[in-house]
Amino acid sequence: MTELLVRGERVMLPDGVRPASIRIRDGRIASIGGHRDRPAGVREIDARERVVMPGLVDTHVHINEPGRTEWEGFAHATRAAAAGGVTTLVDMPLNSIPSTTTVDALDRKRAAAAGQCHVDVGFWGGVVPGNVPDLEPLAQAGVLGYKCFLCPSGVDEFQHVTEADLRAAVPVLAKLKLPLLAHAELPAMLREPEPTADPRSYAVWLESRPPVCEHAAIDLLLRLAREYGARVHVVHLASAAAAAAIAAARAAGVAATVETCPHYLTFAAEEIPDGAPAFKCAPPIRGRADREGLWSALENGSIDLVATDHSPAPPALKHLDDGDLLQAWGGIASLQIGLSAVWSGALSRRLPIERLGRWLCEAPARLAGLGRSKGSIAPGCDADLVLFDPDAELIVDPFRLYHRHPTTPYAGMSLRGRVITTILRGEVVFDENRVTGEARG
């Protein structure tokens, strides 16, 4: 039996932030005591004035291994996660080859991950045209839910679904009681740029995917969830106006949740220069009004959680040399710095730090069905903890990130808050700027 005591003056517990001690036994939280509780013979970590928060749960990460490991892989991604305070991540079913749409593909994904993970990893399955017979076997094999695209995904192995495809799949998911995560943009409402349009113009990229693409897709998802009694989750919301429709549906009994991402909360279209593909993602980063609207929706509970949508690619695919936004891969790398980015925005809006626990830990753990073991500092939960200095300045040096590639729109930014130590099931996996120990996730 191994024991550890973590003490802190600011411990983020389910009932608020207060001084406390966390007694850990065999990788789980055994009890929560007073700050002065110091049992004899137990190894101790004193967080002092640093905030002790639950390990983050990031439910939207593209690791891409096997098949596109040169984009990102389990070793790099999980090191970045540990350095960013993420103790559990859930891998998306694309852009690996094969996509995780069959049990065989899931087995190959697990084999690729074996011995490489520095944090705990779960997997989403995929819903694509024609794989309804694979959905229940995937659930039996352990996927936590399913992801689909309502518009082209950008890779041939993961085809987008139509309403007819969803009507075949959603009843199965309702029976399985697992969520459907959806990239919510309808292809019929995408706008093809004019042949003479400047491919380096951010405005051209933004106008090609107007908010109505998101709104119409979300309306379809809510309608199907209501009709079949299924759980739906809208990923990476960029249009603040859609949050109200999701909240209204939820109030009417529809099992609907929604996330946004650090980049939508940090950047604004008016501030993005032309020829800067590091900022490209889909849906695109919209204007200041949407950014502030997303913050308001987070604050009032209309948006449930924040996930990174970490989706890196090699520099050549990002078209960094010519700045072609229309040809560049759309994806933003932020797994290691998501916590600092969100805290910087929350701090500037005078939001209390305990909100981070709800948005980055508790709610994503519930989405993935991991709420009994992850996302909270409570007896019985895994001893996944982060010692976070909310007052420290973090200058983002992309070459000091653990991501496989250094490309990120956060390069050079000054953020508030820095992860000091990350603990996974009672073992330190990151401490003072370095990943420690063997891969034990």
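Higher on the page you've got the structure.
Reading the values: the criteria
- Residues numbered from 1 in each chain as written.
- Predicted model: local features only at pLDDT ≥ 70, side-chain atom pairs only at ≥ 80, totals over all residues.
- Heavy atoms only, no water.
- Pairing = 2+ DSSP bridges.
- Helix = DSSP H or I, 4+ residues; strand = E, 2+ residues; numbered from the N terminus.
- Phe/Tyr/Trp six-rings, centres within 6.5 Å; stacked < 30°, edge-to-face > 60°.
- Buried < 20%, exposed > 50% of the residue type's maximum accessible area, 1.4 Å probe, protein only.
- Lys NZ or Arg CZ within 6 Å of the ring centre and 35° of its normal.
- Lys, Arg positive; Asp, Glu negative; His and termini not counted.
- Salt bridge = Lys/Arg side-chain N within 4 Å of Asp/Glu carboxyl O.
- Contact = heavy atoms within 4.5 Å.
- Arc of directions from axis to C-beta.
- Core = buried A, V, L, I, M, F, W, Y, C linked by side-chain atoms within 4.5 Å.
- Axes fitted to C-alpha atoms, helices over the stretch in contact; angles between N-to-C directions.
- Disulfide = S-S within 2.5 Å.
- Parallel < 35°, antiparallel > 145°, perpendicular 65-115°, else oblique.

## Quick word on the pairing of strand S5 (residues 51-54)
Thinking step 1. As defined by bridge partners, strand S1 (residues 3-13) adjoins S5 across two bridges and the pair is classed as parallel. Along S5, the bridge assignment pairs Val-11 with Val-52.
Thinking step 2. Judged from the four bridges that link them, S5 and strand S15 (residues 385-395) form a sheet pairing that is antiparallel. By the bridge assignment, Val-51 is partnered in S15 with Phe-388.

## Details of the packing of aromatic side chains
Thinking step 1. All told, the structure shown has six aromatic pairs when counted by the stated rule.
Thinking step 2. For the ring pair Phe-149 and Phe-158, a centre distance of 6.1 Å and an interplane angle of 75° mean the geometry is edge-to-face. For the pair Phe-149 and Phe-158, a shared accessibility class is recorded, and that class is buried.
Thinking step 3. Three or more aromatic residues joined by ring pairs form one cluster here, namely Phe-267, Phe-279 and Tyr-410.
Thinking step 4. Here the guanidinium or amino end of Arg-68 rests over the ring plane of Trp-71, the centre of that ring lying 5.2 Å away.
Thinking step 5. One Lys or Arg, Lys-280, reaches over the ring of Trp-205 and ends 4.3 Å from the middle of that ring.

## Notes on the sheet that holds strand S9 (residues 125-126)
Thinking step 1. One open sheet holds the six strands; their spatial order is S9-S10-S11-S12-S13-S14, and the pairing between them is parallel. Edge positions in the sheet fall to S9 and strand S14 (305-306), since each has one partner strand and no second.
Thinking step 2. In the sheet, S9 pairs with strand S10 (residues 146-149) via two bridges, with the strands oriented parallel. The residue of S10 that forms the bridge with Gly-126 is Lys-147.

## Let's talk about the side chain of Asp-309
Thinking step 1. Mapped onto the fold, Asp-309 is located in the loop between S14 and helix H10 (338-348).
Thinking step 2. Buried charged residue Asp-309 carries no salt bridge. Nearest counter-charge: Lys-147, at 6.1 Å.
Thinking step 3. In contact with Asp-309, other than residues within four places in its own chain, are His-60, His-62, His-236, Cys-261, His-263 and Ile-332.

## A closer look at helix H2 (residues 103-113)
Thinking step 1. Along H2, the residues that are buried comprise Ala-105, Leu-106, Lys-109, Ala-112 and Ala-113. Relative to the axis of H2, the buried residues are bounded by an arc of 120° and lie together on one face.
Thinking step 2. Its buried side turned inward, H2 meets helix H1 (74-83), strand S7 (86-91), strand S8 (120-123) and helix H3 (132-141).
Thinking step 3. With its phi angle positive at about 75°, Gly-115 sits one or two positions after the end of H2.

## Regarding the nonpolar core
Thinking step 1. One finds Met-53, Tyr-146 and Trp-359 to be the most contacted residues of the largest nonpolar core, which totals 104 residues.
Thinking step 2. The greatest single-element share of this core, amounting to seven residues, is contributed by helix H6 (residues 211-228).
Thinking step 3. What Met-53 contacts, discounting residues up to four positions off in sequence, is Met-12, Leu-339, Leu-356, Cys-361, Ile-377, Asp-384, Leu-385, Val-386 and Phe-388.
Thinking step 4. Judged by nonpolar contacts, the second largest core, of 20 residues, contains Met-92, Leu-181, Leu-305 and Ala-368.

## Let's talk about the sheet that holds strand S6 (residues 56-61)
Thinking step 1. Strand order across the open sheet formed by three strands is S6-S7-S8, with parallel pairing between neighbours. Edge positions in the sheet fall to S6 and S8, since each of these pairs with one other strand and no more. Within the sheet, the average angular offset between the axes of one strand and its neighbour, ignoring direction, is 20°.
Thinking step 2. In the sheet, S6 pairs with S7 via four bridges, with the strands oriented parallel. Of the residues in S7, the one forming a bridge with Leu-56 is Val-86.

## Comments concerning the environment of Met-189
Thinking step 1. The topology assignment puts Met-189 in the loop between strand S11 (180-183) and helix H5 (202-207).
Thinking step 2. With a relative accessible area of 32%, Met-189 lands in the partly exposed category.
Thinking step 3. Considered as a pair, Met-189 and Leu-220 are 31 residues apart in the sequence and their alpha carbons are 14 Å apart.
Thinking step 4. The contacts of Met-189, once residues within four sequence positions are left out, are Pro-210, Val-212, Cys-213 and Ala-216.

## A few points about the state of the cysteines
Thinking step 1. Following the criterion strictly, the structure yields zero disulfides and no others.
Thinking step 2. For the unlinked cysteine Cys-151, the closest cysteine sulfur is that of Cys-213, found at 8.0 Å.
Thinking step 3. Relative accessible area serves as the criterion here: at 0%, Cys-151 is assigned to the buried category.
Thinking step 4. Here Cys-381 is not disulfide-linked; the sulfur of Cys-361 is the nearest cysteine sulfur, at 11 Å.

## Looking at the packing of H6 against helix H7 (residues 242-251)
Thinking step 1. The N-to-C vectors of H6 and H7 enclose an angle of 5°; their axes lie 10 Å apart at closest approach. The angle between H6 and H7 places the two elements in the roughly parallel class. Only Ala-242, Ala-245, Ile-246 and Ala-249 of H7 make contact with H6, whose side of the interface consists of His-215, Ile-218, Leu-222 and Arg-226.

## Some remarks on unusual backbone geometry
Thinking step 1. Geometrically, the link from Glu-65 to Pro-66 is a cis peptide bond, its omega value of 5° lying close to zero.
Thinking step 2. Here Pro-66 shows up in the loop between S6 and H1.
Thinking step 3. Despite not being glycine, Asp-26 shows a phi value in the positive range, around 50°.
Thinking step 4. Tracing the chain through its elements places Asp-26 in the loop between strand S2 (16-25) and strand S3 (28-33).

## What to know about the pairing of S1
Across a regular strand the side chains alternate sides, sitting on one face of the sheet and then on the other.
Thinking step 1. Counting buried positions over the 11 residues of S1 gives eight, a clear majority of the element.
Thinking step 2. Inspection of the sheet shows S1 paired to S2 by nine bridges, in the antiparallel sense. Paired with Glu-3 across the two strands is Arg-25, which belongs to S2.
Thinking step 3. Between S1 and S2, which pair antiparallel and follow one another directly, the connecting turn spans two residues.
Thinking step 4. As defined by bridge partners, S1 adjoins strand S4 (residues 43-46) across four bridges and the pair is classed as parallel. If you follow Val-6 over to S4, its bridge partner there is Ile-45.

By themselves these figures say nothing about function.
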